[in-house]
Amino acid sequence: MSAEFVLKTIKEKQIEWVDFRFVDLSGRAHHITLPAKEVDEDTFINGVAFDGSSIPGFRGIEESDMVMMPDHGSVFVDPFTAHPTLNVFCDIYTPDGERYERDPRSVAVRAEEYLKQSGVGTAAFFAPESEFFIFDDVRFESGMNKTFYSVDSEEAIWNTGRAEEGGNLGYKVPVKGGYVPVAPTDKQQDIRSEMCRLLEEAGLRVERHHHEVATSGQAEINFRFDTLLKTADNLMVYKYIVHNTAAQFGKTATFMPKPLFGDNGSGMHVHQSIFNGDTPLFYDKGAYANLSETALHYIGGILYHAPAIIAFTNPSTNSFKRLVPGFEAPVNLVFSKGNRSAAVRIPVAAVTPKGCRIEFRTPDSTANPYLAFSAMLMAGLDGIKNKIDPMKLGYGPFDKNIYELSDEEKAGIRSVPGSLDEALDALAADSEFLTAGGVFTKAFIENFIELKRAEARAVAVRVHPYEFGLYYDL
């Protein structure tokens, strides 16, 4: 796709506005909109200027001028605007014409380039299973003298006794009882189908959708795998469409990992594989789970470096409310075929050579996809480079339910970090594999750690409502 094609699209679809977007370090999208008549070939050469000092973790006010350079291969028509609008993802450059080192999208570009230069393969493919909740109401406040949150859903089990106009209609979703029920228990079929329709209009290939395990409207939509950069772009489109479709239905959607206490959280299981041209590199028929030596070493790299990469794949304090045993949370740093209690699972049902892949189950959707996918790829490539054998290191395979093992059997199993601070400590201690080929820079990692430390401190110093029950009468 070329700039000429984009300009032709603007004309053919009678586009009135062009929306230029970039993504910050936390994974939030930002945008500036230009009249379509002001967009020409020069726009794709000179870019669109913006103030980098207003974006957390970017630039100081003394060097704030930055430029969005449109990627004409990443456009889609916005399905929500009243005036026809074309959305374009952008890379970030300095005024001197250099790629901005802290641009998450540029990290993904460098990761793909490093894969090719490594000689291992030509492309890495990713497919995230990003779960989310759809609520009818969300309220929260954090002040000097008051802190609370409240979410509600017509599906929620706590509403079995609520009096509604016309009577309570029942069919609530039990705790851990929401996996693929039919209507009327599943009340979100139409909203998910509409999300899928809009995703396909935006260019994503939807594979399926369904209700997930938790009460109160947990959902999942799966879309087709693609290359690292393209999949990260697609995930940004996915979240945008989920959020805005929910709003059109008078509801609200969140990808927060653990908005409910006592039920399953929302994860982002990430399927991944490497190809060399058209040849899949993870398949070896007859080996354990049909995994090649390359795939095993990739798994070894993921599990060995997991405490560090979790700083990118689970980068919120809320992430670690999900990463606790007992809720199908993948806290055990081992691998297994088909076993959902392991951090790395190898799908084995109806898998072809090209479909052979590994699934890292620990991540969640508070991750910036450009950084998370790049960190996973770099860990896997380090495993291949250094022939990290997960079997020799005691990472499995574990084909038992790990939660049912005795304490003695569990003693040798490594677990994920217990907090965001622990994950950031691990990243600070183990980051050399990320800086190979200049994919991540030391300065980038230090800046990211500083940004996330500030978030962890902000949460840690605030009074928690549960503390009143524990300590108020002492």
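Scoring rules and cut-offs
Residues numbered from 1 in each chain as written. Predicted model: local features only at pLDDT ≥ 70, side-chain atom pairs only at ≥ 80, totals over all residues. Heavy atoms only, no water. Helix = DSSP H or I, 4+ residues; strand = E, 2+ residues; numbered from the N terminus. Rg over C-alpha atoms; globule rule 2.2 N^0.38 Å. Buried < 20%, exposed > 50% of the residue type's maximum accessible area, 1.4 Å probe, protein only. Areas by Shrake-Rupley, 256 points an atom, 1.4 Å probe, with all protein chains shown as cover. Lys, Arg positive; Asp, Glu negative; His and termini not counted. Charge placed at Lys NZ, Arg CZ, Asp CG, Glu CD. Polar contact = N/O pair within 3.5 Å; in protein donor to acceptor, adjacent residues only side chain to side chain. UniProt positions renumbered as here; feature names shortened; annotations may be inferred. Contact = heavy atoms within 4.5 Å. Core = buried A, V, L, I, M, F, W, Y, C linked by side-chain atoms within 4.5 Å. Domains from an automatic or database assignment. Salt bridge = Lys/Arg side-chain N within 4 Å of Asp/Glu carboxyl O. Pairing = 2+ DSSP bridges. Axes fitted to C-alpha atoms, helices over the stretch in contact; angles between N-to-C directions. Expected span 1.5 Å × (residues − 1). Buried area = accessible area lost by both parts, 1.4 Å probe.

Things to note about the overall build of the protein
Moving on, step 1. Across its full length, the protein holds 13 helices and 17 strands.
Moving on, step 2. Its C-alpha radius of gyration of 23 Å places the protein within 12% of the 23 Å reference for a compact globule of 474 residues.
Moving on, step 3. A principal-axis box enclosing the C-alpha atoms of the protein has dimensions of 65 × 65 × 50 Å.
Moving on, step 4. Going through the 474 residues of the protein one by one, you find that 52% of them count as buried.
Moving on, step 5. For the protein, the computed accessible surface area is about 21700 Å², with 51% contributed by carbon and sulfur atoms.
Moving on, step 6. A gap of 4 Å separates the mean positions of the 47 positive and 66 negative side-chain charges of the protein.

Thoughts on the side chain of Arg-345
Moving on, step 1. One can find Arg-345 in strand S16 (residues 342-346).
Moving on, step 2. There is a polar contact of 2.6 Å between the side chain of Arg-345 and the side chain of Glu-359.

Concerning the UniProt feature "binding site: Mg(2+)" (unreviewed entry) in the protein
Moving on, step 1. Per the UniProt annotation, the sites labelled "binding site: Mg(2+)" (unreviewed entry) are Glu-129, Glu-131, Glu-212, Glu-220, His-269 and Glu-359.
Moving on, step 2. Checked against the element boundaries, Glu-220 lands in strand S10 (residues 218-223).
Moving on, step 3. If sequence neighbours within four positions are ignored, Glu-220 has contacts with Glu-129, Ser-130, Glu-131, Phe-132, Arg-208, His-209, His-210, Glu-212 and Tyr-238.
Moving on, step 4. Turning to its location among the elements, His-269 is positioned in strand S13 (residues 268-276).
Moving on, step 5. Leaving out residues up to four positions away in the same chain, His-269 has contacts with Ala-127, Pro-128, Glu-129, Glu-131, Arg-322, Glu-359, Phe-360, Arg-361 and Pro-363.

Thoughts on the nonpolar core
A general feature of soluble globular proteins is that nonpolar side chains tend to end up buried together.
Moving on, step 1. Core analysis: the biggest nonpolar cluster contains 121 residues, and Tyr-238, Ile-274, Leu-377 and Phe-440 have the highest contact counts within it.
Moving on, step 2. Residues lining this core come from more than one domain, with at least three contributed by each of domain 1 (3-100) and domain 2 (123-472).
Moving on, step 3. Setting aside anything within four residues of it in sequence, one finds Tyr-238 in contact with Ser-130, Phe-132, Leu-199, Leu-204, Glu-220, Ile-221, Phe-223 and Phe-255.

Comments concerning the pattern of salt bridges
Moving on, step 1. Evaluation of the coordinates by the stated rule reveals 21 salt bridges.
Moving on, step 2. Linking Arg-105 and Asp-233 is a salt bridge whose minimum nitrogen-to-oxygen distance equals 2.7 Å. Here Asp-233 lies in helix H5 (residues 228-248) and Arg-105 lies in helix H3 (residues 104-118), a separation of 128 residues in the sequence.
Moving on, step 3. For Asp-233, a relative accessible area of 3% translates into the label buried.

Considerations on unusual backbone geometry
Moving on, step 1. Cis geometry is found at the peptide bond from Ala-183 to Pro-184, where omega equals 10°.
Moving on, step 2. Summarising the element assignment, Pro-184 is placed in the loop between strand S8 (147-152) and helix H4 (189-201).
Moving on, step 3. Note the cis peptide between Gly-396 and Pro-397, where omega equals 10°.
Moving on, step 4. Mapped onto the secondary structure, Pro-397 falls in the loop between helix H9 (369-385) and helix H10 (407-410).
Moving on, step 5. Even without a glycine there, the phi angle at Val-180 is positive, about 50°.
Moving on, step 6. Along the chain, Val-180 turns up in the loop between S8 and H4.

Quick look at the sheet that holds strand S3 (residues 48-51)
Moving on, step 1. Ordered by their spatial adjacency, 5 strands build an open sheet running S2-S1-S5-S4-S3, and the pairing between neighbours is mixed. The sheet is open, and its two borders are formed by strand S2 (29-35) and S3, each paired with just one other strand. Geometrically, the sheet is characterised by an average inter-axis angle of 40° between neighbouring strands, direction not taken into account.

Some thoughts on the UniProt feature "binding site: ATP" (unreviewed entry) in the protein
Moving on, step 1. Per the UniProt annotation, the sites labelled "binding site: ATP" (unreviewed entry) are Glu-207, Phe-223, Arg-224, Phe-225, His-271, Gln-272, Ser-273, Arg-340 and Lys-354.
Moving on, step 2. Relative to the helices and strands, Phe-223 resides in strand S10.
Moving on, step 3. If we skip the residues at most four places from it in the chain, Phe-223 touches Pro-128, Leu-204, Arg-205, Val-206, Glu-207, Thr-231, Asn-234, Leu-235 and Tyr-238.
Moving on, step 4. Structurally, Phe-225 can be placed in the loop between S10 and strand S11 (226-227).
Moving on, step 5. Setting aside residues no more than four positions away along its own chain, Phe-225 makes contact with Phe-125, Phe-126, Ala-127 and Thr-231.

A short note on helix H12 (residues 442-460)
Moving on, step 1. Taking 1.5 Å of rise per residue, 19 residues should cover 27 Å, and H12 covers 27 Å from first to last C-alpha, within 8% of that figure.
Moving on, step 2. In this structure, the buried residues of H12 make contact with H3, helix H7 (306-313), H9 and helix H11 (420-429).

Let's talk about the pairing of strand S7 (residues 137-142)
In regular strands, side chains alternate between the two faces of the sheet.
Moving on, step 1. With 6 bridges connecting them, S7 and S8 associate as antiparallel partners. Opposite Glu-141, over in S8, you have Phe-148 as the bridge partner.
Moving on, step 2. In sequence, S7 turns back onto S8 through a hairpin of 4 residues.

Remarks on H9
Moving on, step 1. Look at H9: 24 Å from first C-alpha to last across 17 residues, which is about the 24 Å you get at 1.5 Å a residue.
Moving on, step 2. Of all 17 residues in H9, 16 are buried; the element is thus mostly enclosed.
Moving on, step 3. One side-chain oxygen at the N-terminal end of H9 lies 3.1 Å from the backbone nitrogen of Tyr-370; it belongs to Asn-368.

Things to note about the domain arrangement of the protein
Moving on, step 1. Split into domains, the protein comes out as domain 1 (3-100) and domain 2 (123-472).
Moving on, step 2. Computed over C-alpha atoms only, the centres of domain 1 and domain 2 are separated by 29 Å.
Moving on, step 3. Contact with domain 1, which involves 17 residues of that partner, is made by 21 residues of domain 2.
Moving on, step 4. Between domain 1 and domain 2, the buried area comes to about 1500 Å², and carbon and sulfur atoms account for 65% of it.

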